[in-house]
Amino acid sequence: MKKFTVGIIAGILILSLTTACLPTVAVNGGDKDSNSGFATIEPDDIKDSGNDNDANTTDNTDNGNDGSTVNANGNDASDSPYADYPEYSVWQYPLKNETFTDPEGKTRDKVMVSYDSISINSYEDNGFVYKELSDSIKEYNKELEETLQTTFDGLLKDWNEYYSDVEEGSYIPTLYEIVHMGVVRADKQVFSIAINDETYYGGAHGGNYPYGVTFDSQTGKQIALSDVIIKNDGLNKIIVDELYENYDKEIFFAEDRDELEKEVQEYLNDGLGWTINYEGVSFYFGDYALAAYASGHQVVYINYDKYPEYLNADYFENADKEYVVRVSADVYYPYTVNGKESYLWFDWEKKYIEESGYYSDTYQYLNIGNNEFYQQLDMDGSFIDPGLYIIRKNGKDFLYLQNYFYDGVEFLQTFEIQNGKFVSIGEYDGGISFNTNELVETIFDTNIPFTGNFEFAWKNARVTDNGTLEPKSNIFRYHIYKEDLDSEESWKTGCYEVLEDIEGYAADEEGDLLDDKLTLKKGSKVLPFSTDGSTFITVLCSDGKKYAFNAKFDDSGRIFINNKNTYDLFDYISEW
């Protein structure tokens, strides 16, 4: 079963009403179990509209795989089982809510506060890598939670005072504070988080207030803006230069340039929100900071190549030129479109089908900037929020959109970002995940089952210079973990029992069929080992031998050995 995590990070303190508040939200991840059959997948089945001219590209070093996966020899699948870069996870954490029954008899929230629970994957098993960073994030989460608890108490008091006795038929709102977070850079040096504080305290509409927090990956200490900006004289003028270059001058409250420079300087003095990306520093101006609510947010880059005299070279001269960034909904990612500095902003909703009156399983809506490059993009069905990755490769930008279906099936759509548009370059029946922001090989999980349950086969794959996904082998492996092999208990409850004698062949260490015939005896305990997805399948027996079988795969995902469905030949043993 695939072990899947998705990542991102948290926080910053903001005062709201009479109480201190903090921002919130998250990204989903989880194991995907299924009892359905799935379509067989081969590299040739990939529906790819892009041409791969990447034959001469050197493979990336694979140090981003799950450390517990083993290869055909029973050894670690990677020489270095733990990634060089910080591995991080984020889980949506609805901290607290209180409900009421509205006049229509519906249960609704009076007040809700929520934030992302962030963790750096630092454990005894991996030598406590990035322990200092992990400890700092834990402390940050703790402070965030304490602040939101205080926020909740203040909002609940306000709700009870203003809305508890409203007349029937009147609008009764939910007051909330939600913290959305997304990692914009995570490498050996910098761990920088973009945050969007989404709030509604009553009134005509809520607000969104973007900012950031940045840590030193090695020491775990927060990096101050003064560590990154080495020259302050004229910084406000440069920011205004960028604002005028990339936004309509008419949107700003300031009547002239001098007034706008003074406003920007005041924000710099008070603590303007910022993050470090791979190319420079980004400054965030949220709702009402410089312009009306309808004008949205403004994001300003101070890029190292353009303003080297203002930025500390230590953070940028050796920064990655190629990387992958996991994307969180409702977080503002600095991005340049058609030469204009803007931002990527992702939101998704279920598509409403008027004929049926129901919402479909298809998500839509992707945005660049303040709807300037808005694009409605159908994202094939999902019962879980899509996983999104922005990939910089070969000087180009790509979007990988990973969907997880209710029954465990995965479907990957890939796009190149061209002139503010998402242009489809490929679709894949399977799924991926990147453990870090380092663009290394990924695991490509196909929808090939072993029997009728949740076992999926995988293979190493990489992103080519074209942005397409290229599996590195025709052979798929099933997920086998060390604890499964070493634990006597797992051979009793976490494997398959053979229901009848099955005629097959011996297999070598790689799982390939040999000429020697072997019979897998009824009552044996096995784990699925490998397959090519079209002609054979191999199992690993508790006796240490590998058994291989000629197999047939049909369009519904069923696998047949000796004309019998594997579902009838193998029974999964579980405590449940």
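So, here is what we can say about the structure in this document. Because the structure is a prediction, the values reported are computed rather than measured.

What counts, and where the lines are drawn
- Residues numbered from 1 in each chain as written.
- Predicted model: local features only at pLDDT ≥ 70, side-chain atom pairs only at ≥ 80, totals over all residues.
- Heavy atoms only, no water.
- Disulfide = S-S within 2.5 Å.
- Buried < 20%, exposed > 50% of the residue type's maximum accessible area, 1.4 Å probe, protein only.
- Pairing = 2+ DSSP bridges.
- Helix = DSSP H or I, 4+ residues; strand = E, 2+ residues; numbered from the N terminus.
- Axes fitted to C-alpha atoms, helices over the stretch in contact; angles between N-to-C directions.
- Contact = heavy atoms within 4.5 Å.
- Patch = residues over 30% accessible without salt bridge, like charges linked within 9 Å, V, L, I, M, F, W, Y side chains within 5 Å.
- Areas by Shrake-Rupley, 256 points an atom, 1.4 Å probe, with all protein chains shown as cover.
- Salt bridge = Lys/Arg side-chain N within 4 Å of Asp/Glu carboxyl O.
- Lys, Arg positive; Asp, Glu negative; His and termini not counted.
- Charge placed at Lys NZ, Arg CZ, Asp CG, Glu CD.

1. Let's talk about the state of the cysteines
- For the structure shown, the criterion picks out zero disulfides.
- Here Cys495 stays free of any disulfide, with the sulfur of Cys541 as its closest cysteine sulfur at 9.2 Å.
- A relative accessible area of 1% places Cys495 in the buried class.

2. So, the sheet that holds strand β4 (residues 88-101)
- In space, the five strands of this open sheet follow the order β4-β5-β6-β7-β8, with mixed pairing throughout. Since the sheet does not close on itself, it has two edges, and those belong to β4 and β8 (207-216), each with one partner. Across this sheet, the average inter-strand angle for adjacent strands is 20°, counted without regard to direction.
- The pairing of strand β7 (residues 190-200) with β8 spans ten bridges and is classified as antiparallel. Following the sheet pairing, Ser192 is matched in β8 by Thr214.
- Here helix α1 (residues 131-162) sits on the sheet in contact with β4, β5 (107-120), β6 (175-186), β7 and β8, set at roughly 170° to β5.

3. Here's the deal with a negative patch on the surface
- A cluster of like negative charges, contributed by Glu255, Asp256, Asp258 and Glu259, occupies part of the molecular surface.
- Secondary-structure assignment places Asp256 in the loop between α3 (235-246) and α4 (257-270).
- On the basis of relative accessibility, which here comes to 39%, the residue Asp256 falls in the partly exposed class.

4. A word on the pairing of strand β12 (residues 323-327)
- Burial of β12 is extensive: five of the five residues sit out of reach of the surface.
- Burial of the side chains of β12 extends over both faces: Tyr323, Val325 and Val327 are buried on one face and Val324 and Arg326 on the other.
- Pairing geometry for β12 and strand β16 (residues 387-393), over five bridges, is antiparallel. Counterpart to Arg326 in the pairing with β16 is Tyr389.

5. A few points about a nonpolar patch on the surface
- A cluster of nonpolar side chains, contributed by Tyr209, Phe253, Tyr288 and Tyr293, occupies part of the molecular surface with about 380 Å² of accessible area.
- Mapped onto the secondary structure, Tyr209 falls in strand β8.
- Tyr209 gets classed as partly exposed once you look at its relative accessible area, which sits at 30%.

6. Remarks on the sheet that holds strand β9 (residues 273-276)
- Across the sheet, which stays open at both edges, the three strands sit in the order β9-β10-β11 with antiparallel pairing between neighbours. Strands with a single pairing partner mark the edges of an open sheet, and in this sheet they are β9 and β11 (298-303). On average, adjacent strands in this sheet sit at an angle of 20° to one another, irrespective of strand direction.
- Both strand β10 (residues 280-285) and β11 contribute to a ladder of six bridges, which runs antiparallel. Opposite Phe283, over in β11, you have Val300 as the bridge partner.
- Sitting on the sheet, α3 touches β10 and β11, and the angle it makes with β11 is about 120°.

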